[in-house]
Amino acid sequence: MRFDSWSELSQEAPFCGGKWDRDKLKEYLIQSCDQRFQQLIELYFAQFRTDGALADLLFEFLLNEDYDGSDCQIGAACFIRQMDRSVLKERRALVLKAQENDVFWRRPFQTDDYLSWI
């Protein structure tokens, strides 16, 4: 889907009625790679840094081979990195699995610093 403005995209917010809409979340992750929307989407996701359900969905996108090479995986890796550490500690196995990826940009953490707190 193509969006010309933040007002258009924000009408498709992925969290509504207390739950995540998977399709809208995927679109937000894709659009987060667009420089026009990157900062606004980062601000949007910042309010959900402690949301375990969001973390689970992000890992699903990142680790799902069906999305291999997709912008939604780039966005997922980026936002996983920004999740609260306590949420990520609860998903230690997923963090470690994601970090094993041979593709550098698919690793949420670009250095091994995460090993000190995971």
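Residues numbered from 1 in each chain as written. Predicted model: local features only at pLDDT ≥ 70, side-chain atom pairs only at ≥ 80, totals over all residues. Heavy atoms only, no water.

(A) Quick peek at the overall build of the protein chain. Each helix and strand counted, the protein chain has 7 helices and 2 strands in total. Scanning the protein chain from its N terminus toward the C terminus, one meets helices and strands in the order α-β-β-α-α-α-α-α-α. Considering only residue pairs separated by 6 or more positions, the protein chain has 65% of its internal contacts joining residues 24 or more positions apart. Accessible surface, the protein chain as shown: approximately 6700 Å² in total, 46% of it carbon and sulfur. Side chains of the protein chain give 15 positive and 21 negative charges; the mean places of these two sets differ by 4 Å. (Helix = DSSP H or I, 4+ residues; strand = E, 2+ residues; numbered from the N terminus. Contact = heavy atoms within 4.5 Å. Areas by Shrake-Rupley, 256 points an atom, 1.4 Å probe, with all protein chains shown as cover. Lys, Arg positive; Asp, Glu negative; His and termini not counted. Charge placed at Lys NZ, Arg CZ, Asp CG, Glu CD.)

(B) Here's a closer look at the packing of helix H2 (residues 22–31) against helix H3 (residues 38–46). Between H2 and H3, the least distance of the axes is 9 Å, while the angle of their chain directions is 135 degrees. Relative to H3, H2 is oriented oblique. For the pair H2 and H3, contact is made by Leu25, Tyr28, Leu29 and Gln31 and by Ile41, Tyr44 and Phe45, respectively. (Axes fitted to C-alpha atoms, helices over the stretch in contact; angles between N-to-C directions. Parallel < 35°, antiparallel > 145°, perpendicular 65-115°, else oblique.)

(C) Up close: helix H4 (residues 52–63). Over its 12 residues, H4 runs 16 Å from end to end, which matches the ideal 16 Å to within 8%, given 1.5 Å per residue. In this structure, the buried side of H4 is in contact with strand E2 (19–20), H2, H3, helix H5 (71–81), helix H6 (85–89) and helix H7 (92–99). For H4, the N-terminal capping position is held by Asp51, with its side-chain oxygen 2.8 Å away from the main-chain nitrogen of Ala53. (Expected span 1.5 Å × (residues − 1). Polar contact = N/O pair within 3.5 Å; in protein donor to acceptor, adjacent residues only side chain to side chain.)

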